[in-house]
Protein chains: 2
Amino acid sequence: MDARARRSRDKLSAAVLELAERDGIEAVSMVSIAQAAGVNRSTVYEHAASPLELLRMVLRDELDAIRDRHLTPGAHPDTRTAVRHTTLDVLRHADAHAAIYSRALGSAESTALHGMLSAHFRQSVLTLFQSGAITPPDIPGLDTCFRDVAAARFVADGTVGAIDAWLATPAPRDLAAFAALYVVLLPTWWPLSATQVLEQIAADGQ
Amino acid sequence: MDARARRSRDKLSAAVLELAERDGIEAVSMVSIAQAAGVNRSTVYEHAASPLELLRMVLRDELDAIRDRHLTPGAHPDTRTAVRHTTLDVLRHADAHAAIYSRALGSAESTALHGMLSAHFRQSVLTLFQSGAITPPDIPGLDTCFRDVAAARFVADGTVGAIDAWLATPAPRDLAAFAALYVVLLPTWWPLSATQVLEQIAADGQ
């Protein structure tokens, strides 16, 4: 993407997030996004076919950036640290966009965003399995590929469900308390400790 | 429900399950259900407004029956036994209807059935929490009602995700191997042990 396209994309990102948060994405049109971003309507269509597609792309970009920052090999000294930072940044992302994720719960829009979240988490977990950073327990008679896929689905879909419940509570939300609960929901072999998570939140200043 | 209505309902249940399995529920009409069940079309409309609603009702009835059989207070000597039987019967239900649950993955129909499964599991888990049969670990600073709701969402949505992955594998599916994996995906405080589950499957003859 060249500099000009990058600037348009940044303006469109800010515009769609603001409008979706204020009005709900189902009430947002391509025209209102163009106006809020100060670009031509044709520019909006160059980036996405619908407001929902643009929103999903913008949120996924933020999640991709978190993954690139923490889960790239060598980004952190060990898997526990990488998983801890990823988890906290994902929870902060969800909290920052709570109005968007939790609005219109059960609607087609919400289903689309939840599906995006679930697919993103699943991919992250599978990457951790396939690189050997995390290995679920071996089950006699069970194909390890299937084991990895099913375990990734369990962790990813469970995480989306728990986050959904968290976002339904009023702001300001207590990141430390929710993160501590999240740790005890995960299977024992998942490399996340409550003590380390709470120390990290204190070190990060929330 | 009187005896005549009960008989119609049974015929409609068998018809919608057979047609949905063979053709996919999106290809099933109210007329084809009436023909397969040998009842008037108006009788079908007395039970549900659409083929998908009828299918969801029939599947939910089966799940309700499993819950009534095992999770009613006094049905089993202890929570571990009740949870073990419920889990295995739910997995058998999913396996028996695999063609219906896994067909058209990602479609609106599949979303509706997954939503029904998730809501059903969530309700079962919340009932176990509220009766005091199972208590998730206490988290300092966290409201216990929220803790229960978030934990129920995690377990329910994680379970639906793992089952979905299981049903995507070809039949015949190995119930024992999947159940053993499921146990290690759950949090430690969930009262289900791999050894007892495998003994139960052997005792039940699969």
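Being a predicted model, the structure only gives us computed values, none of them experimental.

> What's the story with the UniProt feature "domain: HTH tetR-type" (unreviewed entry) in chain A in this structure? I'm lost.
Within this numbering scheme, the UniProt entry marks residues 6-66 of chain A as carrying the feature "domain: HTH tetR-type" (unreviewed entry). From the first C-alpha to the last, residues 6-66 of chain A spans 19 Å; its make-up is 80% helix and 0% strand.

> Can you walk me through the interface of chain B and chain A in this structure?
Between chain B and chain A, the contact holds 34 residues from the first and 34 residues from the second. Contact between chain B and chain A buries roughly 2,600 Å² in total, counting both sides, with carbon and sulfur atoms accounting for 79%. Along the contact surface separating chain B from chain A lie two salt bridges. Note that Arg153 of chain A and Asp164 of chain B form a salt bridge whose closest N and O atoms lie 3.1 Å from each other. Counting the contacts that link chain B with chain A gives four residue pairs in polar contact (both at pLDDT 80 or more). Taken together, the elements giving at least two residues each to the side of chain B that touches chain A come down to helix H8 (144-167) and helix H9 (175-185) of chain B. Looking at the side of chain B that touches chain A element by element, the count peaks at 16 residues for H8 of chain B. A per-class count over the side of chain B that touches chain A returns 23 nonpolar, seven polar and four charged.

> Whenever I open this one, the pattern of salt bridges confuses me. Can you help?
A side chain of one charge can pair with a side chain of the opposite charge if their charged atoms are brought near each other. Across all of its chains, the model carries 24 salt bridges over all chains by this definition. With its nearest N and O atoms 3.1 Å apart, the salt bridge here joins Arg147 of chain A to Asp148 of chain A. What makes Arg147 of chain A buried here is its relative accessible area of 7%. Taking the shortest distance from any N to any O, the salt bridge between Asp89 of chain B and Arg92 of chain B comes out at 2.9 Å. A residue pair is termed a helical-turn pair when its members lie 3 or 4 positions apart in one helix, as Asp89 of chain B and Arg92 of chain B do in helix H5 (residues 79-96) at three residues. A residue is classified by how much of its surface remains accessible, and Asp89 of chain B, at 16% relative accessible area, is buried. By sharing partners, the salt bridges in this structure join Arg69, Asp89, Arg92 and Asp204 of chain A into a single network.

> Looking at this structure, I do not really get the relation of the copies chain B and chain A. What am I missing?
Each of the two copies of the chain can be brought onto the other by a rotation about an axis and a shift along it. For the pair chain B and chain A, the superposition axis carries a translation of 0.0 Å, the fit reaches an RMSD of 0.0 Å, and the rotation angle comes to 180°. What the superposition gives is, in effect, a two-fold axis relating one chain to the other. It is Gly158 of chain B whose C-alpha, among those of chain B, lies nearest the rotation axis, at 2.0 Å. When you check the interface residues of chain B against chain A, 100% turn up at the interface there too, and the contact is symmetric in its surfaces.

> How should I be thinking about the nonpolar core in this particular structure?
Considering soluble globular proteins, one finds that nonpolar side chains tend to be buried as a cluster. Core analysis: the biggest nonpolar cluster contains 142 residues, and Trp190 of chain A together with Trp190 of chain B have the highest contact counts within it. Residues within four places of Trp190 of chain A in sequence aside, it is in contact with Val83, Val125, Leu128, Phe129, Ile134 and Val155 of chain A.

> How should helix H8 (residues 144-167) of chain A be read in this particular structure?
Residues and elements named next belong to chain A. Spanning 24 residues, H8 covers 34 Å between terminal C-alpha atoms, matching the ideal 34 Å at 1.5 Å per step. With respect to burial, H8 is a largely interior element, 21 of its 24 residues being buried. Taking the backbone nitrogen of Cys145 as reference, a side-chain oxygen 3.3 Å away marks Asp143 as the first, capping residue of H8.

> Help me understand the layout of surface pockets, please; the structure alone is not making it clear to me.
Left-over empty space is what a probe sized like a water molecule reveals as it rolls over the atoms. Residue and element names in this part refer to chain B. Taken as a whole, the second largest pocket spans an internal volume of roughly 210 Å³. Every residue lining the second largest pocket is counted, 15 residues in all, and those nearest its centre are Leu71, Thr72, Pro73, Leu128 and Ala133. At the level of elements, helix H4 (51-71), H5 and helix H7 (108-130) are the ones that each hand at least two residues to the lining of the second largest pocket. The dominant element in the lining of the second largest pocket, judged by the number of residues it contributes, is H7, at three residues. Of the residues that constitute the lining of the second largest pocket, the class distribution is six nonpolar, eight polar and one charged.

> What is the right way to read the domain arrangement of chain A from this model?
Interface size is commonly expressed as the accessible area that is lost once the parts come together. Residue and element names in this part refer to chain A. Each assigned domain of chain A is listed with its residue range as follows: domain 1 (1-47) and domain 2 (51-204). The straight-line distance from the C-alpha centre of domain 1 to that of domain 2 is 27 Å. With 18 residues of domain 1 at the contact, the number on the domain 2 side is 15 residues. The contact between domain 1 and domain 2 buries some 1,400 Å² in all, and 71% of this surface belongs to carbon and sulfur atoms. Put simply, domain 1 and domain 2 have one salt bridge between them.

What counts and how
Residues numbered from 1 in each chain as written. Chains lettered and ligands numbered in written order. Predicted model: local features only at pLDDT ≥ 70, side-chain atom pairs only at ≥ 80, totals over all residues. Heavy atoms only, no water. UniProt positions renumbered as here; feature names shortened; annotations may be inferred. Helix = DSSP H or I, 4+ residues; strand = E, 2+ residues; numbered from the N terminus. Contact = heavy atoms within 4.5 Å. Buried area = accessible area lost by both parts, 1.4 Å probe. Salt bridge = Lys/Arg side-chain N within 4 Å of Asp/Glu carboxyl O. Polar contact = N/O pair within 3.5 Å; in protein donor to acceptor, adjacent residues only side chain to side chain. Nonpolar A, V, L, I, M, F, W, Y, C, P; charged D, E, K, R; others polar. Buried < 20%, exposed > 50% of the residue type's maximum accessible area, 1.4 Å probe, protein only. Least-squares fit on C-alpha atoms with pLDDT ≥ 70 in both. Core = buried A, V, L, I, M, F, W, Y, C linked by side-chain atoms within 4.5 Å. Expected span 1.5 Å × (residues − 1). 1 Å grid on protein atoms, 1.4 Å probe; cavity = no way out; pocket = protein on both sides within 12 Å on 5 of 7 lines; lining within 4 Å. Points joined across faces, edges and corners; volume = space filled by probe spheres on them. Domains from an automatic or database assignment.

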